[in-house]
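Here are the chains, one letter per residue:
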Amino acid sequence: MRPTWDEYFMEMVDIVKKRSTCLRRQVGAIIVKDKRMLASGYNGAPTGMKHCIEIGCMREKLGVPSGQRHELCRALHAEQNAIIQAAVSGVSIKGATMYITHSPCVLCAKMIINAGIKRIVIKGDYPDQLAMDMLAEAGVQVERL
């Protein structure tokens, strides 16, 4: 059976997340406009830096619970990496849809809003109600697949 566009792109996100180097949670994101994938991202350390799979998880060592103290991590989030990839490539993502394996944290939600992304499609949840509230206030459509 032929997948819907949302199912098709969410399957791509599941492939993208396999590149994640996070020891706690593998997350993938892609940005799509006019049924074309513009950028992808997964959670991992900045380019050229050692990944958590190589040196261990700083958050785990410090006992930081999920959803807290995002600054205590070597990695960028998948959503951040996808937005940065589009910017580095000079690709406009205004009005696009972002497909993500999990609902975004508040930091990523703010970036999604300011990048002009109008719709996100998620599969799993992440414990950040403020992110969901801000997305709603900004008029970003959130759909669960």
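Anything mentioned here points back to the structure above.
Residues numbered from 1 in each chain as written. Predicted model: local features only at pLDDT ≥ 70, side-chain atom pairs only at ≥ 80, totals over all residues. Heavy atoms only, no water.

The strand order across the open sheet built from five strands is E2-E1-E3-E4-E5, with neighbouring strands paired in mixed fashion. In this open sheet, the two edge strands, each paired with only one partner strand, are strand E2 (36–42) and strand E5 (141–144). On average, each strand axis in the sheet is tilted by 20 degrees relative to the strand beside it, whichever way the strands run. Where strand E1 (residues 28–33) lies against E2, six bridges are found, and the strand directions are antiparallel. Directly across from alanine 29, in E2, lies its bridge partner glycine 41. (Pairing = 2+ DSSP bridges. Helix = DSSP H or I, 4+ residues; strand = E, 2+ residues; numbered from the N terminus. Axes fitted to C-alpha atoms, helices over the stretch in contact; angles between N-to-C directions.)

What follows deals with the packing of aromatic side chains. Per the counting criterion, the structure on display carries four aromatic pairs. With centroids separated by 5.8 Å and ring planes inclined at 25 degrees, the aromatic side chains of tryptophan 5 and phenylalanine 9 adopt a geometry described as stacked. Linking tryptophan 5 with phenylalanine 9, this pair stays in helix H1 (residues 5–16), spanning four residues, or about one helical turn. On the basis of relative accessible area, tryptophan 5 is assigned to the partly exposed category, the value being 39%. Chaining the aromatic ring pairs together yields one cluster made of Trp5, Tyr8, Phe9 and Tyr99. (Phe/Tyr/Trp six-rings, centres within 6.5 Å; stacked < 30°, edge-to-face > 60°. Buried < 20%, exposed > 50% of the residue type's maximum accessible area, 1.4 Å probe, protein only.)

Here the focus is the nonpolar core. If you look at the biggest cluster of nonpolar residues, it comprises 22 residues, and the most contacted ones within it are Ile31, Met98, Ile100, Ile112, Ile117 and Ile120. Secondary structure elements with two or more residues in this core: E1, helix H4 (78–89), strand E3 (97–102), helix H5 (106–115), strand E4 (119–124) and helix H6 (129–138). With four residues, H4 is the largest single contributor of residues to this core. Every residue in contact with isoleucine 120, bar those within four places of it in the chain, is listed here: Met98, Ile100, Pro104, Ile112, Leu135, Val140, Gln141, Val142 and Glu143. Ranked by size, the runner-up nonpolar core spans eight residues in total, among them Val13, Ile30, Val32 and Val121. (Core = buried A, V, L, I, M, F, W, Y, C linked by side-chain atoms within 4.5 Å. Contact = heavy atoms within 4.5 Å.)

Bringing the packing of H5 against H6 into the picture now. For the pair H5 and H6, the least separation of the axes is 8 Å and the interaxial angle reads 15 degrees. Taken together, the axes of H5 and H6 lie roughly parallel to each other. Crossing hand, H5 versus H6: right-handed. Contacts between H5 and H6 pair Val106, Ala109, Lys110, Ile112 and Ile113 from the former with Leu130, Ala131, Met134, Leu135 and Ala138 from the latter. A per-class count over the contact of H5 with H6 returns nine nonpolar, no polar and one charged. (Parallel < 35°, antiparallel > 145°, perpendicular 65-115°, else oblique. Left-handed = near helix turned anticlockwise from the far one by under 90°. Nonpolar A, V, L, I, M, F, W, Y, C, P; charged D, E, K, R; others polar.)

Turning our eyes to something else, we now look at the side chain of asparagine 43. Counting through the fold element by element, asparagine 43 comes out in the loop between E2 and helix H2 (52–55). For asparagine 43, the side chain forms a polar contact with the main-chain oxygen of arginine 25, separated by 2.7 Å. Once you skip the residues sitting within four places of it in the chain, asparagine 43 turns out to touch Ser20, Thr21, Cys22, Arg25, Gln26, Val27, Leu76, His77 and Ala78. (Polar contact = N/O pair within 3.5 Å; in protein donor to acceptor, adjacent residues only side chain to side chain.)

Glancing now at the pattern of salt bridges. Counted according to the given criterion, the structure contains seven salt bridges. One salt bridge in this structure joins lysine 123 and aspartate 14, with 2.5 Å as the shortest N-O distance. Placement of lysine 123 in strand E4 and of aspartate 14 in helix H1 is noted, with a sequence separation of 109 residues between them. Take lysine 123: its relative accessible area is 40%, and that puts it in the partly exposed class. Accessibility expressed as a relative area gives 22% for aspartate 14, which makes it partly exposed. A salt bridge links arginine 69 to glutamate 71; the shortest N-O distance between them is 2.6 Å. The partly exposed category is assigned to arginine 69, whose relative accessible area is 47%. (Salt bridge = Lys/Arg side-chain N within 4 Å of Asp/Glu carboxyl O.)

Taken by themselves, the reported measurements are silent on function.
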